Amino acid sequence: MAAIITGSGVYTPSQVITNDELVAAFNAYADRRNAEGAEPPIPHSSADFIRSASGIEQRHVLDKTGVLDSARMFPSLPGRSDEQPGYMAEMAVEACTDALAMAGIEAGQIDAVICAASNHERAYPAIAIEIQQLLGTGGFGFDMNVACSSATFGIQAAADMIRSGSIKRAIVTCPEICSAHLEWRDRDCHFIFGDVCTALVLEDESVAKAGGFRIDSTRCATQFSNNIRNNDGFLRRTHDQMEDRRDMQFMQNGRKVFKEVLPMVSAHIGSHMADEGIAADALKRLWLHQANKAMNDFIGRKVLGRVPEPAEQPNILQDYANTSSAGSIIAFAKHSADLVPGDRGLICSFGAGYSVGSVVVTRV
Ligand code: CO8
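Given the structure is predicted, the values throughout are model-derived calculations rather than measurements.

Colleague: Run through the packing of aromatic side chains, naming residues and quoting values.
Modeller: In this structure the tally under the stated criterion is seven aromatic pairs. Ring plane angle 90° and centroid distance 4.9 Å describe the contact between F193 and F250, whose orientation is recorded as edge-to-face. Here F193 is found in the loop between β6 (169-177) and β7 (195-204), whereas its partner F250 is found in the loop between β9 (228-229) and β10 (251-252), with 57 residues between them in sequence. As far as the burial class goes, F193 and F250 line up, both buried. Consider the rings of F213 and W287, whose centres lie 6.1 Å apart with planes at 85°: the pair is edge-to-face. You can see F213 sitting in strand β8 (residues 213-222) and its partner W287 sitting in strand β11 (residues 283-288), a full 74 residues away along the chain. For the residue pair F213 and W287, the accessibility class agrees, reading buried in each case.

Now the structure itself:
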């Protein structure tokens, strides 16, 4: 039994923040804080730095007004009643609907919904079960979180359930509202993230009709690190800590992460390919996690043993920024249609944890 990815979907929020808009808002915030006597003074941000350090040119967000309001600097997403769909479920329904249409199947034929994301809107009920209800899928749903590697770990979980025969079809969706956990008032990271939602339909080969990409093998690995961390959580109240501290949002030691990620991810992909007997020249495409262009250029060179052509290792971070678990799946969804049967590719995520997940696929 093999699992085939027969459908993909990407929901892209309509609101865009360019680097120039972002920097203007940050600098207005810095000027105001400095006029109030901030110590040490807050230096200005720069669009040139952002582009050259990361490759990011803009990001899509659910709400740009709140982010660009220099007196606020985070999105405004009004609370919803329990009877209304949540934000994450609403995004997921859009992406899943497109993925189901591409696969040519009805929601009712899906046996499992996995909502795989770095943050979940509430503790319970699971967002996946709400998505299941809104879409009208059968079976069951559950949430999982492996930060930026949530999608690839979700793909492994879904593919394993299909390969074991316990289900025939699954959908793995990644609604990422990264704008809500980013600290937009921190110059070192305020440019990093954007919002998006992806969805993949996985089917057992015995029922898949739409062609697509067979999942040949998956490999997941984790190694504990504090270099990317967010201390927000349900125990906050028990710590008698009610104020919104800096560590309640995304924090990173970016330089250390950059240095540690390159050997870890290159070795992970190299050993996965070696174990599968895949030579570098047999790979037609690399769909990498979308955090930093220089990081991807390095990993691409290491894996392929030469400088990849842009089409071989497509980046989407210039348009979307880092969208956590969704990044490699956006690259896959938008840059895979031209591959022909027999072509092989590799999806690879890497993120907080640390976590690395790779998925080898073949066009069928
Ligand atoms: N505008 C102008 N100047 C700035 C700005 C800004 N916005 N921000 C920083 N600077 C200044 C700094 O103050 C510093 O000045 P000085 O040299 O005088 O001290 C200078 O620019 C350089 O600053 P940095 O050293 O912080 O800048 P970097 O070149 O390291 O670039 C990045 C920052 C882009 C964040 C980079 O470190 C990076 O990409 N790191 C990788 C980590 C990453 O991508 N994080 C994203 C989120 S986490 C994620 O998606 C997972 C990634 C991989 C996980 C690994 C798993 C195995």
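Colleague: Outline the environment of F213, supporting the account with residue identities and numerical values.
Modeller: Relative accessible area serves as the criterion here: at 4%, F213 is assigned to the buried category. Separated by 120 residues in sequence, F213 and V93 have C-alpha atoms that sit 22 Å apart. Dropping the residues within four chain positions of it, F213 is found in contact with A3, I4, I5, W287, F332, S336, L339, V361, T362, R363 and V364.

Colleague: Describe the site of the ligand, and please don't skip the residues or the numbers.
Modeller: Near the ligand there are 27 residues, and of these R187, Q252, R255, N292 and N322 occur at the shortest range. Q252 places a side-chain nitrogen or oxygen 2.7 Å from a nitrogen atom of the ligand. For the ligand, an oxygen atom lies 2.7 Å from a polar atom in the side chain of N322. Within the complex, the protein chains bury 77% of what would otherwise be the 1,100 Å² of accessible surface of the ligand. Per-element accounting of the shell around the ligand gives the leading share, six residues, to helix α7 (residues 254-276). Taken together, the residues of the shell around the ligand break down into 15 nonpolar, nine polar and three charged.

What counts as what
- Residues numbered from 1 in each chain as written.
- Predicted model: local features only at pLDDT ≥ 70, side-chain atom pairs only at ≥ 80, totals over all residues.
- Heavy atoms only, no water.
- Phe/Tyr/Trp six-rings, centres within 6.5 Å; stacked < 30°, edge-to-face > 60°.
- Helix = DSSP H or I, 4+ residues; strand = E, 2+ residues; numbered from the N terminus.
- Buried < 20%, exposed > 50% of the residue type's maximum accessible area, 1.4 Å probe, protein only.
- Contact = heavy atoms within 4.5 Å.
- Near = heavy atom within 4 Å.
- Polar contact = N/O pair within 3.5 Å; in protein donor to acceptor, adjacent residues only side chain to side chain.
- Areas by Shrake-Rupley, 256 points an atom, 1.4 Å probe, with all protein chains shown as cover.
- Nonpolar A, V, L, I, M, F, W, Y, C, P; charged D, E, K, R; others polar.

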